[in-house]
Amino acid sequence: KLTMSKNAVKSRHRSKEAAILKALCKVPVDVVQLRKFAIAPDGLLNNDIRRQVWPYLLNTVRQELDKPQNVRSHRECQQVLLDVNRSGKRFPPDLPEDRITELQDQLTDLILSVLTLHPELNYYQGYHDICITFLLACGPDLSLLLVDRLSTHHLRDFMDPTMNSTTHILNYLIPILNKSNPELVEYIAKSEVGTTFAISWLITWYSYVLRNQSDIERLYDFFLSCNPLMPIYFAAQIVLLNSSQIMTGECEMSRVYQVLLQSARQPTLPLEYLISKSSDSFILFPPSSLAREAAQYYKNNLAVSTFCDYALVARHETPDVVLRRRGIYPDDKLPKKQEAPVVSLKQSYWNASRTAALAVSGAVGAVVVAASSLDWLPDFDLLVLP
Amino acid sequence: DMGVGKSCLLHQFTEKKFMADCPHTIGVEFGTRIIEVSGQKIKLQIWDTAGQERFRAVTRSYYRGAAGALMVYDITRRSTYNHLSSWLTDARNLTNPNTVKFSINKYTITGEQYRVMKEIPAVIWSHMVPVQVVAELTVSTVGNTGTSPVPLESSTRTAGVLSLEDILSLGKTDNSSDSGEEDVIFLIGNKGDLDAQRDVTYEEAKQFADENG
């Protein structure tokens with residue numbers, strides 16, 4: 001039986017691979033289709049495919065970058081070296097030591113190159129975790145193109161001079177949780193645990209907490225195809241998955257913090273299930289429908305709200321035409337009744353703006369759309385939240 | 001500051017093992033150890049904060065309610081020592097001033113100073129049980145040498161296992177603490193085995209500790 005199911009998986013992967021290659025051969029390349037494949041179970045399957053598809057997901061195809069010179073004289077060089085030099089555990093254990101040294105050298109150059117190309121970007125601890133993922137999957141040259149694009153888009157807010165934007169994005173977690181499990185949110189609030197436990201998840205795209213490089217790569221397939229806020233939706237699903245453990249025991253900050261902190265580190269984390277649930281939750285509760293609650297939480301809990309909530313929301317909100325409810329889990333218990341109006345509103349809005357969205361989804365998708373969504377988002381926001 | 005060995009110290013305290021290639025900390029991590037003191041079991045919680053400056057805004061909220069603090073610098077990097085006063089300011093300002101009378105007690109601890117330290121007639125322990133019960137704090141090496149810490153007694157080098165129980169016994173003779181409301185801050189000069197690359201002397205670190213109470 002086991003052999004049979006293994007064979008079934010193999011043949012499914014073979015046909016998926018063929019379909020991906022077909023989408024790549026289309027003129028023009030079918031990027032929407034590639035996104036679907038990247039989100040669907042098992043993602044892009046292997047790094048040969050990733051090296052071909054990721055550039056389309058980030059719209060770096062046929063782009064060229066002049067490699068900057070003298071990157072080691074960058075002001076952050078010492079700091080980057082400190083982190084790179086102790087990053088050994090992130091590399092596959094079977095790699096010979098001199099290969100790891102070589103990769104670490106490439107890693108330093110990769111990071112400093114992007115920082116040199118974009119003086120407005122600030123290095124943060126954890127950024128190098130993301131860079132390692134790309135380096136291992138795509139090699140140094142392609143990684144520079146991809147990480148360069150990623151840094152000025154998906155990761156841009158994390159690379160501000162301060163963490164204000166990052167903290168704000170973290171607060172989206174609470175309203176997402178609240179839609180599915182208000183009791184849990186009440187418990188978390190009572191424990192005063194905050195949202196810091198998820199900061200490493202968010203700013204490293206989970207490469208800091210997942211042990212397995214192939215899991216990280218599969219998750220990147222998903223995130224690269226989605227709205228930059230998707231890692232937060234994913235975080236919410238991890239928390240929801242562990243809700244009973246969180247709520248069993250004393251409602252005390254350090255205990256709850258520890259449970260939450262460790263919840264993403266379980267070796268048996270059901271990635272595909274979480275990806276599916278995150279997609280569902282994004283469709284049902286798009287960022288615009290959460291913005292107000294997130295802002296409220298931010299104000300209540302931090303009191304130093306120097307950040308323009310509205311601008312952030314507008315920047316991140318996107319009509320992602322690819323993301324659809326995958327519905328591969330029959331036991332899916334989404335509260336359909338309650339969300340129905342939101343979905344229909346969203347859907348109808350999407351239909352109206354679909355042409356525009358499709359036109360740009362061939363570009364960086366989510367992120368590029370965002371710039372053009374500044375105009376229409378506010379109205380939509382009001383529509384959904386009377 | 002980043003890379004001084006905070007997480008490595010915590011790991012040794014909770015796991016009793018040296019961790020080579022100890023990775024960076026993002027945000028705040030957390031470790032516990034249950035220790036028995038005078039027949040009472042006490043759960044010690046240690047919050048391990050990220051060292052990079054930009055995380056400070058995030059980690060600050062975890063100072064609240066602390067019974068004590070360990071401030072760590074790297075004896076081979078002067079910049080990490082120079083930043084101590086700003087960390088100290090945070091530690092003073094962010095713990096709860098209403099319930100805690102904050103007094104700074106001092107130790108610059110590296111393996112080599114172990115014996116010296118025992119002779120310091122210091123003002124240390126009051127009733128800070130959670131800190132008193134730190135049974136042993138291994139001052140270790142991280143990074144360059146990659147060597148494991150060696151108990152002081154068996155080592156001619158400076159890395160050593162430091163028994164804080166010895167400090168505890170010092171504390172028992174201390175009669176200058178009055179109210180039992182004092183927090184304790186340790187100053188730890190880490191990476192004592194890298195003495196050849198030493199950039200901060202014990203004397204100046206001790207002076208810093210003295211100047212700050």
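Residues numbered from 1 in each chain as written. Chains lettered and ligands numbered in written order. Predicted model: local features only at pLDDT ≥ 70, side-chain atom pairs only at ≥ 80, totals over all residues. Heavy atoms only, no water.

The name an unreviewed UniProt entry assigns to chain B is Ras-related protein Rab-14, from the organism Ciona savignyi. Its UniProt record, at the heading Sequence similarities (unreviewed entry), says of chain B: "Belongs to the small GTPase superfamily. Rab family." (UniProt positions renumbered as here; feature names shortened; annotations may be inferred.)

The name an unreviewed UniProt entry assigns to chain A is Rab-GAP TBC domain-containing protein, from the organism Ciona savignyi.

A. Region of interest: the overall build of chain B. A tally of regular secondary structure across chain B gives eight helices and seven strands. Each of the 213 residues in chain B was classed as buried or not, and the buried ones make up 54%. Summed over all atoms, the accessible surface of chain B reaches about 9400 Å², with 49% contributed by carbon and sulfur. (Helix = DSSP H or I, 4+ residues; strand = E, 2+ residues; numbered from the N terminus. Buried < 20%, exposed > 50% of the residue type's maximum accessible area, 1.4 Å probe, protein only. Areas by Shrake-Rupley, 256 points an atom, 1.4 Å probe, with all protein chains shown as cover.)

B. Representation of the interface of chain A and chain B. Facing the 35 residues of chain A at the interface are 24 residues of chain B. Across the chain A to chain B interface the summed buried area is about 2500 Å²; carbon plus sulfur atoms make up 53%. Counting the surface chain A buries against chain B, the share from its top three residues, Arg86, Gln125 and Tyr208 of chain A, is 27%. Put simply, Glu29 of chain B and Arg265 of chain A hold a salt bridge, and the shortest N to O gap is 2.8 Å. Inspection of the chain A/chain B interface yields 13 residue pairs in polar contact (both at pLDDT 80 or more). Within the residue set of the side of chain A that touches chain B, elements represented by two or more residues are α4 (77-85), α6 (127-152), α10 (199-203) and α14 (253-263) of chain A. Top element by residues in the side of chain A that touches chain B is α14 of chain A. It accounts for five residues. (Contact = heavy atoms within 4.5 Å. Buried area = accessible area lost by both parts, 1.4 Å probe. Salt bridge = Lys/Arg side-chain N within 4 Å of Asp/Glu carboxyl O. Polar contact = N/O pair within 3.5 Å; in protein donor to acceptor, adjacent residues only side chain to side chain.)

C. Representation of the packing of aromatic side chains. Per the counting criterion, the structure on display carries 20 aromatic pairs over all chains. Arranged with centres 5.2 Å apart and planes meeting at 85 degrees, the rings of Trp205 of chain A and Tyr220 of chain A form a pair that is edge-to-face. Highlighted residues: Trp205 of chain A in the loop between α10 and α11 (213-224) and Tyr220 of chain A in helix α11, separated in sequence by 15 residues. Pair check on accessibility: Trp205 of chain A and Tyr220 of chain A agree, each one buried. On the numbers, 5.5 Å between centres and 35 degrees between planes, the contact of Phe222 of chain A with Phe223 of chain A is tilted. Residue Phe222 of chain A is classed as buried on the basis of its relative accessible area of 0%. Here Phe223 of chain A falls in the buried class, since its relative accessible area comes to 1%. Members of the aromatic cluster, each reached through a chain of ring pairs, are Trp54, Phe134, Phe197, Trp201, Trp205, Tyr206, Tyr220, Phe222, Phe223 and Phe234 of chain A. Across the ring face of Trp87 of chain B, the terminal group of Arg56 of chain B is positioned such that the distance to the ring centre comes to 3.8 Å. (Phe/Tyr/Trp six-rings, centres within 6.5 Å; stacked < 30°, edge-to-face > 60°. Lys NZ or Arg CZ within 6 Å of the ring centre and 35° of its normal.)

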